[in-house]
Amino acid sequence: MNKTTRLMVGAVAALGLGFGTPVLAQTTITVSTWGGPNHGVNTIVWPTWKAWIEEATEGRVTVDVVHDMGPPAAQMEIVADGIADASWIFHAHMAGRFLATQLPEFPTFEEFSSEDAAAAYWHTHQAHLAQANEHRGIDVMGMGVHGPGQIFTREQVDNLDGLSGKRLRVGGGVMSGLADAMGVTGVALPPTGVYEAASQGVVDGAMLTLESLRSFRVVEVAPHTLTVDGGFYRGSFAIIMNPMIWDQISAEDREAIEAVSGEHLSRLFGYMMDVSDESGVEFGKEHGATFTQVPEEDVEMLRGVTEELIAEWSTAVEDRGVDADAALEHFREQLALAAESEGIADRVVRQ
């Protein structure tokens, strides 16, 4: 059920005229969100998208963000069932359904911003991945990636051999394949469950992003960080909407909303991740976090593992109508173009 306000009619301007002066109708897009209140998606992405939408529609459409409507893995169902109009999803939470979306998750061993990666991902999704129809039943408003995924441990680890046999939180997708290759026991947990699991000794650490040092209090329970350039992995996200909301919105306003979504919304999501990572690293250093670069011999091993994972993925997505080689090439081309384009920073609203 869409949370849509009713048409409001203004007071009668003159009783003798027999009609009133209408006030503009306002449709509210209800967004279900997860992650803590201070997470960047809640302090940067939603406030900015709301401001963009209100400006683009001259106030006829707004956004209302609601917390704790359901766990992360349930967000797609929440939107598809119309409980909320929109949300953000992490594709790896739904093992089996999403496969083409693993494209930006593979290690690159090169540094690039999440904002540029998200913009490149949006265009690659539209050109090559959408045909896999993995988001069937919902509309995709933007695609996103998080920053470099690194490995956080309770005890100091200097190389990959030190991870053998350890229990690490994984979120699925490429993370699981890498964990297997490194001799790690993967434990499926949402980021919000890492603090408790690590503090109780259920896991020895986690594969997470640098922003988690602060946003999920990881520095308190797993202060030692093992890093590789570009990250061991990236994570794939989408901002989704129930298509039935368009029944409540005019064609003009739909066009306006879509104009401030797509690449713009994707860049916004990536920008938020960049800012959050910077904040996480700063917070981590202030609270005693350590950062150890993986030795070169381990990087070479990871390159070999990555090639195998990409080959397996390429074969699998072919059955879904995706030309993996073309999609990967398109992503790399778009990544270079995104780096040369104007960033989103000047248009961001902070809560």
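Visitor: Explanation requested: the packing of helix 3 (residues 114–129) against helix 11 (residues 324–340) in the structure shown.
Guide: Packed helix pairs are specified by the crossing angle of their axes together with the interaxial distance, meaning the distance between the axes. One way to put it is that helix 3 packs onto helix 11 with a least axis distance of 8 Å and a crossing angle of 145°. Where helix 3 crosses over helix 11, the handedness of that crossing is right-handed. In contact with D116, A117, A119, A120, Y121, H123, T124, A127, H128 and L129 of helix 3, helix 11 contributes A326, A327, H330, F331, Q334, L335, A338 and A339. Looking at the contact of helix 3 with helix 11 residue by residue, the class counts come to 12 nonpolar, 5 polar and 1 charged.

Visitor: It is not clear to me how the packing of aromatic side chains should be interpreted in this structure. Could you clarify?
Guide: Pairs of aromatic rings are described using the distance from one ring centre to the other and the angle between the two planes. All chains considered together, the criterion is met by 7 aromatic pairs. Ring geometry for W88 against F269: centres 6.1 Å apart, planes inclined by 55°, an arrangement best described as tilted. Residue W88 is located in strand 5 (residues 86–90), and its partner F269 is located in helix 9 (residues 262–286); the two are separated by 181 residues in the primary sequence. The same class applies to W88 as to F269, namely buried. Members of the aromatic cluster, joined through ring pairs, are W34, W88, F90, F237 and F269. We note R217 situated over the ring of Y195; from NZ or CZ to the ring centre the distance is 4.0 Å. Above the plane of the ring of W52 lies R347, whose end atom (NZ or CZ) is 4.2 Å from the centre.

Conventions and cut-offs
- Residues numbered from 1 in each chain as written.
- Predicted model: local features only at pLDDT ≥ 70, side-chain atom pairs only at ≥ 80, totals over all residues.
- Heavy atoms only, no water.
- Axes fitted to C-alpha atoms, helices over the stretch in contact; angles between N-to-C directions.
- Helix = DSSP H or I, 4+ residues; strand = E, 2+ residues; numbered from the N terminus.
- Left-handed = near helix turned anticlockwise from the far one by under 90°.
- Contact = heavy atoms within 4.5 Å.
- Nonpolar A, V, L, I, M, F, W, Y, C, P; charged D, E, K, R; others polar.
- Phe/Tyr/Trp six-rings, centres within 6.5 Å; stacked < 30°, edge-to-face > 60°.
- Buried < 20%, exposed > 50% of the residue type's maximum accessible area, 1.4 Å probe, protein only.
- Lys NZ or Arg CZ within 6 Å of the ring centre and 35° of its normal.

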